[in-house]
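# Coordinate analysis (summary)
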Amino acid sequence: MHRFVKYILDGLMNILVLAPLVVTYWRGTFHVLDIYLLPDPALRVASHWLSIAVAVVGLLIFGYLQDWMRQRVNATKSPISEIMLKRIYCYFFGLMCVNHWRGVWGLWDIYTGYTLASGLYSFGSGVAILLMTRGFCNTLSPPLIAACDLNDDFFQITTRFQVPRSVTCLYLLDSLFSIVVMGSAVVGVVRGFWYILDNVHEQSIFSYMLSLLAAVLLMIITLFLQKPASIVSAKLEGSGHWWLKIIFEDCYMVLGMMTGINAWRAVWGIWDLYVYPQDRVLSAWIGHVVGQLGLMLMYHASSALVKGISVDGAAPAGQGCFLPSNSLVMFQQEGRRMRNLHERAKEIQRRSIATAAVEEGDDLMGKGVPQMEAIDKDSVVHVKTAPVAPTDCDDYSVSGKLQSNLQRYYGDTLGGQSEKRQSLVGSADEPPPKT
C-alpha cells in the first residue's frame, strides 16, 4: 500500500509540478531568444539558422567534454561547489537545447506555415525518420520523463551509434547525425502533433484544459500499462521476434508521446493567455527564471534537458517499457545512497584518527573515537575496531565510485592511510604481540 501511494504521488508531482516547471522554462527561454536573438523581422530566417548553429556547436562541445566535466566536478571537495557547477552546466546546456528546438521549429513555420497540412507533413516526416533510425522513444517528455540531478549519469550524453569518443572523426559524425537528423526529427513530430491539435480545436482556454485532461488520463493509462507491456516485450524478445518487439514498444510509446505533447500544449497555452499577455518581455523572463529556479530547487534541472539519443528496443527483458518518471523515488534513492556514502566516509575517518593516535602514542580515550579498545600506549600496537555495518555503498568498489567520493571529502583517507593502518592495526582476530 505504501508503495502504491508513493507511485500515485510521483505521478501527481510530475503532472502538477515538474512538467509545468519544465514547460514554463522552455516557453520563457524560447521567447527570450525570440526577443533578443536578431529580433528584426527581416532577419527572422537568419535568427533561426543562427539558433541551430549555436545549438549544434554547443551540444558537440558538451558531448566531447562530458568525461572531463564529470571528473572535474566529482573532484570538488565541497558539496556546495558541486551543486553550483551542476547548476551552471544545466543552465547553459538548457540554452543549447532550446536553441536547437527554436531553430528547427521556426524554419518549419517559415517554409510551411501553420496550417493543418504543415502539421501533418511535419509529423509524418518526423515519424518516418525516427522509425527508420529506431529513435521513436525519444519523443517522450515530462511528465513521463524525470531526471534527478543526483544521478551518476548526470553528464552522460548518448549518441545513436555509441561511437567511442576516442575515435574522433566517427564520433563527430555520430554526434552530428544524432543532433541534426534524429533530434530535428523529434522536433518535427512534436510540432506536427501540436499543430494538428491547434487546427482541430480552437486555441482557447477550453481547448487547453481539454488537452490537460487528456494528458492526465493518458498518463494514468500509460503508467499502469508499464508492467503488462514489459511482460509482452520480454516474451517477444525471448521468442526471437526482435522486430515485433520494437514495433510493439513503439506502439506503446505513442501513448507517451501524446501524453507529453498534450501536457506541454496545455501549460504553454495557459501561460500565453494569463501570464502578462500584453507584456511579452516580462512574461518571457518570468517563465525563464521561475522555471529554472523551480527545477533547480527540486534537484530536477536535468528534466528540462535533452541529453542524447535512446534506441528503440535496446533495453533487454522489457525494460524499455518502464518509463523513468518516478522522480520522488529517484530522489529518495539517490539521497539515501549519498547519506550512506557520507556515513561510510566518517567511519573510515574515525579509524584513521585512531591509527594516527596509536602511532603518536596519544590517549585514545580522550579522542572521542567510539567503540575503540586501547591498551598501554607504550607497548601496544594493536587496536580492535568494531565492524562497520553493511550499507548500500558496499556495492561500490573502493577503487571506483566509493573511493572517488571519499577522497573528495577526506583527501587520502583510503590512500596513504590504508597501508599505514594495515601495518599498525592488524586484524581483530590476531592476538596482540607479546612484549
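Residues numbered from 1 in each chain as written. Predicted model: local features only at pLDDT ≥ 70, side-chain atom pairs only at ≥ 80, totals over all residues. Heavy atoms only, no water.

## Details of the overall build of the protein chain
To be explicit about the condition: Strands here are runs of E lasting at least two residues and helices are runs of H or I lasting at least four, both read from the DSSP assignment and numbered beginning at the N terminus. Note on contacts: a residue pair is in contact if any heavy atoms of the two residues lie within 4.5 Å. Each accessible area value is a Shrake-Rupley result obtained with a 1.4 Å probe; residue values ignore everything except the protein chains displayed when judging cover.
Of the regular secondary structure elements, the protein chain holds 13 helices and two strands. Long-range contacts, defined here as pairs at least 24 residues apart, represent 85% of the contacts in the protein chain between residues at least 6 apart. Summing over all exposed atoms, the protein chain offers an accessible surface of approximately 21,900 Å²; the carbon and sulfur share of this is 66%.

## A word on the packing of aromatic side chains
Spelled out, the test is: Paired rings are identified among Phe, Tyr and Trp, the last through its six-membered ring, by centres lying within 6.5 Å, and are further divided according to the angle between planes into stacked (under 30 degrees), edge-to-face (over 60) and tilted (the rest). For each residue, the accessible area found with a 1.4 Å probe, counting protein chains only, is set against the maximum for its type, and the residue is called buried under 20%, exposed over 50%, and partly exposed in between.
Scanning the entire structure with this criterion turns up 19 aromatic pairs. Ring centres of Trp105 and Trp194 lie 5.6 Å apart, and the angle between their planes is 90 degrees; this geometry places the pair in the edge-to-face category. One end of the pair, Trp105, is in helix H4 (residues 79–112); the other, Trp194, is in helix H6 (residues 168–200), with 89 residues separating them in the sequence. In terms of burial, Trp105 and Trp194 fall into one category: buried. Pairing Trp108 with Tyr121 gives two aromatic rings, centres 5.7 Å apart and planes at 65 degrees, and the pair type is edge-to-face.

## A short note on the environment of Thr115
In this fold, Thr115 is placed in the loop between H4 and helix H5 (116–132). Residue classification places Thr115 among the partly exposed residues on the basis of a relative accessible area of 42%. Separated by 84 residues in sequence, Thr115 and Asn199 have C-alpha atoms that sit 7.1 Å apart.

## A look at the environment of Val104
Mapped onto the secondary structure, Val104 falls in helix H4. Among the residues examined, Val104 registers a relative accessible area of 9% and is labelled buried. Setting aside anything within four residues of it in sequence, one finds Val104 in contact with Ile52, Ser184 and Val187.

## A word on the pattern of salt bridges
For clarity, the threshold we go by: Salt bridges are defined as contacts in which a side-chain nitrogen from Lys or Arg sits within 4 Å of a carboxyl oxygen from Asp or Glu.
Inspection of the entire model under this criterion finds 10 salt bridges. Salt-bridge contacts for Arg280 lead to Asp34; the nearest nitrogen and oxygen are separated by 3.6 Å. Taken together, the residues span a long stretch of sequence, with Arg280 in helix H10 (residues 280–297) and Asp34 in helix H1 (residues 2–36) at a distance of 246 residues. Across the pair Asp198 and Arg265 runs a salt bridge, and its minimum N-O distance is 2.7 Å. Highlighted residues: Asp198 in helix H6 and Arg265 in helix H9 (residues 242–274), separated in sequence by 67 residues. Pair check on accessibility: Asp198 and Arg265 agree, each one buried.

## Structural notes on the side chain of Thr159
One can find Thr159 in the loop between H5 and H6. Residues contacting Thr159, with those up to four places away along its chain left out, are Tyr171, Asp174, Ser175, Ser178 and Ile309.

## Examining the nonpolar core
In summary, soluble globular proteins display a tendency toward joint burial of nonpolar side chains. Using the following cut-off: Here, the term nonpolar core denotes a set of buried Ala, Val, Leu, Ile, Met, Phe, Trp, Tyr and Cys residues that are joined through side-chain atoms within 4.5 Å.
Judged by nonpolar contacts, the single largest core of 71 residues is most densely connected at Trp26, Tyr89, Phe93, Trp105 and Trp194. The element contributing the most residues to this core is H4, with 12 residues. Not counting chain neighbours up to four residues away, the residues in contact with Trp105 comprise Phe30, Val187, Val190, Arg191, Trp194 and Tyr195.

## Concerning unusual backbone geometry
Going from Pro142 to Pro143, the amide bond is cis rather than trans, its omega being 20 degrees. Within the fold, Pro143 resides in the loop between H5 and H6. One non-glycine residue with positive phi stands out, namely Gln162, at about 55 degrees. Mapped onto the fold, Gln162 is located in the loop between H5 and H6.

## Things to note about H4
Under the convention used in this document: Each residue after the first adds 1.5 Å to the expected span of a helix.
With 34 residues, H4 extends 49 Å between its outermost C-alpha atoms, agreeing within 8% with the 50 Å of an ideal straight helix rising 1.5 Å per residue. Of the residues one or two after H4, Gly113 is the one with positive phi, at around 85 degrees.

## Quick word on H10
With 18 residues, H10 ought to run about 26 Å at 1.5 Å a step, and its terminal C-alpha atoms sit 26 Å apart, in line with that. Taken from the residues just after H10, Tyr299 is the one with a positive phi, measuring 60 degrees.

## A closer look at the packing of helix H2 (residues 44–64) against H4
In a packed pair of helices, the relevant descriptors are the angle between the two axes and the axis-to-axis distance. For the record, the criterion: All axes are obtained by fitting lines to C-alpha atoms, using only the stretch in contact for helices, and the reported angles, taken between N-to-C directions, cover 0 to 180 degrees. Less than a right angle of anticlockwise turn of the near helix away from the far helix marks a crossing as left-handed, whereas a clockwise turn marks it as right-handed. Polar here means any residue outside two lists: the nonpolar Ala, Val, Leu, Ile, Met, Phe, Trp, Tyr, Cys and Pro, and the charged Asp, Glu, Lys and Arg; Gly therefore counts as polar.
Contact geometry for H2 and H4: axes closest at 8 Å, N-to-C directions at 145 degrees. Here the hand of the crossing between H2 and H4 comes out left-handed. Taken together, the residues that form the contact of H2 with H4 break down as 15 nonpolar, eight polar and three charged.

## Side note on the confidence of the model for the protein chain
Applied cut-off: Per-residue confidence from the predictor is reported as pLDDT, a score between 0 and 100.
Averaged over every residue, the pLDDT of the protein chain is 82; the share at 70 or more is 75%. A low-confidence stretch, residues 362–403 stays under pLDDT 50, and its non-local contacts, those more than four residues away or across chains, total 63 contacts. This model gives residues 408–435 a pLDDT under 50, and the stretch forms 44 contacts once residues within four places in sequence are excluded.

## Description of the packing of H6 against H9
The contact between H6 and H9 brings their axes to 10 Å, and the two run at 60 degrees. Handedness of the H6/H9 crossing: right-handed. In contact with Val189, Val190, Phe193, Trp194, Leu197 and Asp198 of H6, H9 contributes Met257, Met258, Ile261, Asn262, Trp264, Arg265 and Trp268. Here the residues of the contact of H6 with H9 sort into 10 nonpolar, one polar and two charged.

## Regarding the side chain of Gln226
Worth spelling out the cut-off: Polar contacts, as used here, are pairs of N or O atoms within 3.5 Å; protein pairs need one atom able to donate a hydrogen and one able to accept it. Residues neighboring in sequence count only if both atoms are side-chain atoms.
Relative to the helices and strands, Gln226 resides in helix H8 (residues 226–238). Reaching out from Gln226, the side chain makes a polar contact with the backbone nitrogen of Leu323 at a distance of 2.6 Å. Apart from residues no more than four positions distant in its own chain, Gln226 is found in contact with Tyr7, Tyr252, Cys321, Phe322 and Leu323.

## Focus on the environment of Gly320
With respect to the helices, strands and loops of the structure, Gly320 is situated in the loop between H10 and helix H11 (327–360). Along the primary structure Gly320 and Ala234 are separated by 86 residues, whereas in three dimensions their C-alpha atoms are 9.7 Å apart. Once residues lying within four places of it in the same chain are set aside, the contact partners of Gly320 are Glu249, Met253 and Ala315.

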